[in-house]
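Examination of the molecular architecture
What follows is each chain in one-letter form.
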Amino acid sequence: MTTTSQERAEKPERTKHRSSLGDRIYHLLYSRIVNGEYPANQKLPPELALAEEFGVSRPVLRNALERLREEGLLYSRQGAGSYVRQPQQAALGFARVETIADIQRCYEFRITIETDSAYHAALRHNREALHEIKGALDLLDAATGSFKHREDADYAFHMAVVRASNNHFYETSLRALREHIQVGMKMHGQSLMSDGPRGLERAYAEHSAIYEAIRSRDGVGAKEAMRLHITNSRDRLFGGGMINLAMVDD
């Protein structure tokens, strides 16, 4: 059978689409592992169940699982499936979150790096990167409609934005902060749930505004939308009662 020029052109697009989906599933599963939703030595749900939950094919899911195995987060047992391995400390990392002041510091750092990464994402993204952001946004939309807060989808969204900036220093920093961000997102999610559906809807609207600015290649708008979202998240969590972090002389 002869391969047409159209088929040859479409093949790379299908490959890129699978790669984008695989990245999104990888980040979602990674988040579930590091935040303890899948504890160490626990067996993961069957591949078919995970593929159906995430709405992807089993080959896409297997690619994500293989990445997690290569990074030492999963291990396989003959004929028994995939199991969670205790996450190892990354080469680049930060001290563990020990106080509420550490969460406030993490928000400060995120405002610094994520606003600029959103600006660059708006100017530099390609179709694949935008698709990854939209995929995470769709998961947040579904969770909001079901009155749920999903830290994994939330983190995947922010990770997709920094990836779209095409600056690996942003991405490496956010990866290193994964566990710290997860703590803040979990607490933020609890504050949203206590406010009923309106809280989740406001947070989703903020994520949607970031996506729309990036999609429109509005760098300034994306930067301000990200700043507003992270600042609002911090304020919702702290309730206006920010900790005074000023250093004092003895």
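For clarity, every value in this text was computed on a predicted model and none was experimentally measured. (Residues numbered from 1 in each chain as written. Predicted model: local features only at pLDDT ≥ 70, side-chain atom pairs only at ≥ 80, totals over all residues. Heavy atoms only, no water.)

**Some remarks on the packing of helix H5 (residues 127-145) against helix H9 (residues 197-215)**
When two helices pack together, you describe them by how their axes are tilted relative to each other and by the distance separating the axes. The line we're drawing: Inter-axis angles, ranging from 0 to 180 degrees, are taken between N-to-C directions of lines fitted to C-alpha atoms, where helices are fitted over the stretch in contact. Strands are runs of DSSP state E lasting at least two residues, helices are runs of H or I lasting at least four, and both sets are numbered from the N terminus onward. Convention used here: angles under 35 degrees read as roughly parallel, angles over 145 as roughly antiparallel, angles from 65 to 115 as roughly perpendicular, and any remaining angle as oblique. Note on convention: the crossing is left-handed when the near helix lies turned anticlockwise from the far helix by less than a right angle, right-handed when the turn is clockwise. Whether two residues are in contact is decided by their heavy atoms: any pair within 4.5 Å suffices.
The interhelical angle for the contact between H5 and H9, taken along N-to-C directions, is 165°, at an axis separation of 10 Å. By the criterion of interaxial angle, the relationship of H5 to H9 is roughly antiparallel. The two elements H5 and H9 meet at a crossing, and its hand is left-handed. Contacts between H5 and H9 involve Leu130, Ile133, Lys134, Leu137, Leu140, Asp141 and Thr144 from the former and Leu200, Glu201, Tyr204, His207, Ser208, Tyr211, Ile214 and Arg215 from the latter.

**Examining the pairing of strand S2 (residues 81-84)**
Here is the rule: Two strands pair under a simple rule: DSSP has to find at least two bridges between them.
Relative to S2, strand S1 (residues 74-77) runs antiparallel, the two being bridged by four bridges. Bridging across to S2, Leu74 finds its partner in Val84. Counted along the chain from S1 to the antiparallel partner S2, the turn is three residues long, and its residue Gly79 has a positive phi close to 70°.

**Some words on the pattern of salt bridges**
Where we set the bar: Here a salt bridge means any side-chain nitrogen of Lys or Arg lying within 4 Å of a carboxyl oxygen belonging to Asp or Glu. To sort residues, take the accessible area from a 1.4 Å probe on protein chains only and compare it with the maximum for the residue type: under 20% means buried, over 50% means exposed, and anything in between is partly exposed.
Under the defined criterion, the tally for this structure stands at 15 salt bridges. Of the charged contacts in the structure, one is a salt bridge between Glu212 and Arg215, with a shortest N-O distance of 2.7 Å. In this pair, Glu212 and Arg215 both sit in helix H9, three residues apart, roughly one turn of the helix. Residue Glu212 is classed as partly exposed on the basis of its relative accessible area of 32%.

**Brief notes about the packing of aromatic side chains**
Within a pair of aromatic rings, the relevant descriptors are the distance that separates the centres and the angle that separates the planes. Definition in use: Two rings belonging to Phe, Tyr or Trp (six-membered ring only in the last case) form a pair when the distance between their centres is within 6.5 Å. Interplanar angles under 30 degrees mark stacking, angles over 60 mark edge-to-face geometry, and anything in between is tilted.
If you walk through the whole model with that rule in mind, you get two aromatic pairs. With a centroid separation of 5.7 Å and an interplanar angle of 70°, the aromatic rings of Tyr26 and Tyr30 are classed as edge-to-face. Taken together, the positions of Tyr26 and Tyr30, both in helix H1 (residues 5-34) and four residues apart, correspond to about one turn of that helix. This pair shows no difference in class: Tyr26 is buried, exactly as Tyr30 is.

**Some thoughts on the nonpolar core**
Selection rule: Put simply, a nonpolar core is a bunch of buried Ala, Val, Leu, Ile, Met, Phe, Trp, Tyr and Cys residues held in one set by side-chain atoms that sit within 4.5 Å of each other.
In terms of nonpolar packing, the biggest core is built from 51 residues, with Leu29, Phe157 and Ile214 touching the most fellow members. Listed by contribution, the elements that provide at least two residues to this core are H1, helix H2 (47-54), helix H3 (58-70), helix H4 (100-124), H5, helix H6 (151-164), H9 and helix H10 (219-238). Discounting residues that sit within four places of it in the chain, Leu29 has contacts with Tyr38, Leu50, Phe54, Leu61, Leu65 and Leu68. Judged by nonpolar contacts, the second largest core, of 10 residues, contains Cys106, Tyr155, Met159 and Leu174.

**Some thoughts on helix H8 (residues 178-193)**
The criterion, for reference: Here a helix's expected span is defined as the number of its residues, less one, multiplied by 1.5 Å.
With 16 residues, H8 extends 22 Å between its outermost C-alpha atoms, agreeing within 8% with the 22 Å of an ideal straight helix rising 1.5 Å per residue. Within H8, the full set of buried residues consists of Arg178, His180, Ile181, Gln182, Gly184, Met185, His188, Gly189 and Leu192.

**Digging into the confidence of the model for the chain**
We apply this condition: In predicted models, pLDDT denotes the confidence assigned by the predictor to each residue on a 0 to 100 scale.
Within the chain, residue pLDDT values average 83, and 85% of them lie at 70 or more. The element-level mean pLDDT for the chain is lowest in H1, coming to 63, with H9 highest at 95. Ignoring residues within four places in sequence, the model shows residues 5-17, a span with pLDDT below 50, making six contacts including any to other chains. Here residues 89-94 scores under 50 on pLDDT; set against residues more than four positions off or in separate chains, the count is eight contacts.

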